[in-house]
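Results of the structural survey
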Amino acid sequence: MFVLFSVKEIRELNSAKRNHKCPLAMFITSSTFTKDALLQADIFKIECKDIHWINNNIVKWQEQQITKSFSS
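A few points on the structure.

Scoring rules and cut-offs
Residues numbered from 1 in each chain as written. Predicted model: local features only at pLDDT ≥ 70, side-chain atom pairs only at ≥ 80, totals over all residues. Heavy atoms only, no water. Helix = DSSP H or I, 4+ residues; strand = E, 2+ residues; numbered from the N terminus. Rg over C-alpha atoms; globule rule 2.2 N^0.38 Å. Buried < 20%, exposed > 50% of the residue type's maximum accessible area, 1.4 Å probe, protein only. Contact = heavy atoms within 4.5 Å. Axes fitted to C-alpha atoms, helices over the stretch in contact; angles between N-to-C directions. Parallel < 35°, antiparallel > 145°, perpendicular 65-115°, else oblique. Left-handed = near helix turned anticlockwise from the far one by under 90°. Nonpolar A, V, L, I, M, F, W, Y, C, P; charged D, E, K, R; others polar. Core = buried A, V, L, I, M, F, W, Y, C linked by side-chain atoms within 4.5 Å.

**Quick notes on the overall build of the protein**
- Regarding its fold elements, the protein presents three helices and four strands.
- Helices and strands appear in the protein in the N-to-C order β-α-β-β-α-β-α.
- Relative to the compact-globule value of 11 Å for 72 residues, the protein shows a C-alpha radius of gyration of 15 Å, a clear excess of over 25%.
- Expressed as lengths along the three principal axes of its C-alpha atoms, the size of the protein is roughly 45 × 30 × 15 Å.
- The buried share of the protein, taken over its 72 residues, is 26%.
- Considering only contacts within the protein whose residues lie at least 6 apart along the sequence, 52% involve residues at least 24 apart.

Dropping the structure here:
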């Protein structure tokens, strides 16, 4: 089951970003974001990565590493 992260979570991350004086932030989740959350993230300069990014990058990288280890 996917949890849709909303504007609330983006605003919480933005508050933490400001409290720690970070110019940028990244929110990575194995779920997804609502459209409004992504719009809010753009305004706050928060880069969002969801399950599709994980599958296309991290899972693909893991599979390549497994292939490398068996071919060595």
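**What about the packing of helix α1 (residues 7-19) against helix α2 (residues 35-44)?**
- One can describe the packing of α1 onto α2 by two numbers: an axis separation of 8 Å at closest approach and a directional angle of 20 degrees. By the criterion of interaxial angle, the relationship of α1 to α2 is roughly parallel. Seen from above, α1 lies across α2 with right-handed handedness. Counting all contacts with α1, which are made through V7, I10, R11, N14 and K17, the residues of α2 involved are D36, A37, Q40, A41 and F44.
- Here the contact of α1 with α2 is built from residues that sort into five nonpolar, two polar and three charged.

**Section: the nonpolar core**
- Counting eight residues, the largest nonpolar core consists of F5, I10, A25, F27, F33, A37, A41 and I46.
- Every element with two or more residues in this core is listed here: β2 (25-28) and α2.
- Discounting chain neighbours no more than four positions away, the residues touching F33 are L4, F5, I10, F27, L38, C48, K49 and D50.

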